[in-house]
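# Structural overview
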Amino acid sequence: MFCVFRSLASLEAKLNYLQRTLNRQLKNDRSFPLVLHFSYNKVLRPRGDILKDRVNYFDLKEAFAHPDEDFCKHWGIEIGELNEAKAKRYRQNDDERDILW
């Protein structure tokens, strides 16, 4: 039972972050289901926090669906800054068990 609740909590955190913090209307975004695949604390939150302060709008696929090196090169971000943002979000036992389909 714990895994089910943990999985739902992860999914809820991702949806809340995308809709409330990044102010996205997900029903119209073509990348929406894809971004749920990525880790909240390792990909979505660190990258989203960096980009929301730098650019007005960014494509979710461009922001989240590429390796760290490609992300940093595309957006002109130092890899150290991304690693620092990831370190702030680090949590023990952070394995997400979302089953999307």
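Residues numbered from 1 in each chain as written. Predicted model: local features only at pLDDT ≥ 70, side-chain atom pairs only at ≥ 80, totals over all residues. Heavy atoms only, no water.

## Quick look at the packing of helix H3 (residues 40-52) against helix H6 (residues 79-89)
Two quantities define a packed helix pair, namely the angle between the axes and the distance from one axis to the other. The condition that has to hold: Axis geometry follows a simple rule: fit a line to the C-alpha atoms, using only the stretch in contact for helices, then measure angles between N-to-C directions, giving values from 0 to 180 degrees. Working definition: helices are DSSP H or I runs of at least four residues, strands are E runs of at least two. Numbering for both runs from the N terminus. Each angle gets one of four labels, with under 35 degrees taken as roughly parallel, over 145 as roughly antiparallel, 65 to 115 as roughly perpendicular, and the rest as oblique. Crossing handedness is read from the near helix: turned anticlockwise from the far helix by less than a right angle, it gives a left-handed crossing, and turned clockwise, a right-handed one. Any pair of residues with heavy atoms lying within 4.5 Å of one another is described as a contacting pair. Here the term charged refers only to Asp, Glu, Lys and Arg, the term nonpolar to Ala, Val, Leu, Ile, Met, Phe, Trp, Tyr, Cys and Pro, and the term polar to all other amino acids, Gly among them.
Where H3 meets H6, the closest approach of the two axes is 9 Å, and the angle between their N-to-C directions is 125°. The orientation of H3 relative to H6 falls into the category oblique. Handedness of the H3/H6 crossing: right-handed. In contact with Tyr40, Asn41, Lys42, Arg45, Pro46, Arg47 and Ile50 of H3, H6 contributes Glu81, Leu82, Ala85, Lys86 and Arg89. Across the contact of H3 with H6, the residue classes break down as five nonpolar, one polar and six charged.

## A look at the nonpolar core
Short version of the rule: Side-chain atoms within 4.5 Å link the members of a nonpolar core, which is a set of buried Ala, Val, Leu, Ile, Met, Phe, Trp, Tyr and Cys residues. A 1.4 Å probe rolled over the protein chains alone gives each residue an accessible area, and that area as a share of the maximum for its type sets the label: buried under 20%, exposed over 50%, partly exposed in between.
Judged by nonpolar contacts, the single largest core of 20 residues is most densely connected at Leu18, Phe58, Leu60 and Phe64. Those elements that place two or more of their residues in this core are helix H1 (2-21), H3, helix H4 (60-64), helix H5 (68-75) and H6. Take this core: its biggest share by element is five residues, from H3.

## Points about the pattern of salt bridges
Rules: For this analysis, a salt bridge means a side-chain nitrogen from Lys or Arg found within 4 Å of a carboxyl oxygen belonging to Asp or Glu.
Under the criterion given, the structure shown has five salt bridges. Note that Glu81 is salt-bridged to Arg54, the shortest N-O span being 2.5 Å. Here Arg54 lies in the loop between H3 and H4 and Glu81 lies in helix H6, a separation of 27 residues in the sequence. Residue classification places Arg54 among the partly exposed positions, given a relative accessible area of 43%. Across the salt bridge formed by Asp68 and Lys86, the nearest N and O atoms sit 2.3 Å from each other. Of this pair, Asp68 sits in helix H5 while Lys86 sits in helix H6, and the two are 18 residues apart along the sequence.

## Some details on the packing of aromatic side chains
Aromatic ring pairs: the centre-centre distance and the angle between the two ring planes describe each pair. Going by this rule: A pair of Phe, Tyr and Trp rings is counted when the ring centres sit within 6.5 Å of each other, with Trp represented by its six-membered ring. The angle between the planes then sorts it: under 30 degrees is stacked, over 60 is edge-to-face, the rest tilted. Remark: a charge is flagged as sitting over a ring if the NZ atom of Lys or the CZ atom of Arg is within 6 Å of the ring centre and within 35 degrees of the ring normal.
Under the criterion given, the structure shown has three aromatic pairs. Where Phe58 meets Phe64, the ring centres are 6.3 Å apart and the plane angle is 80°; that geometry is what we call edge-to-face. Relative to Trp75, the ring of Phe58 has its centre 6.4 Å away and its plane inclined at 80°; by these criteria the two rings are edge-to-face. Here Trp75 lies in helix H5 and Phe58 lies in the loop between H3 and H4, a separation of 17 residues in the sequence. Judged by relative accessible area, which is 4%, Phe58 ranks as buried. An aromatic cluster is defined as three or more aromatic residues linked by ring pairs; in this entry it consists of Phe58, Phe64 and Trp75. In this arrangement the basic side chain of Arg24 is found over the ring face of Phe58, its NZ or CZ atom lying 4.7 Å from the centre. Lying over the aromatic face of Phe71, Arg47 brings its terminal NZ or CZ to 4.6 Å of the ring centre.

## Some remarks on the side chain of Ser39
Threshold: Each polar contact in these results corresponds to two N or O atoms within 3.5 Å; when the atoms are within protein, one needs to be able to donate a hydrogen and the other to accept it, and residues that are neighboring in sequence are counted only if both atoms are side-chain atoms.
Structurally, Ser39 can be placed in the loop between helix H2 (32-35) and H3. Note on Ser39: relative accessible area 15%, which makes it buried. Here Lys42 takes part through its backbone nitrogen, which lies 3.2 Å from a polar atom of the side chain of Ser39.

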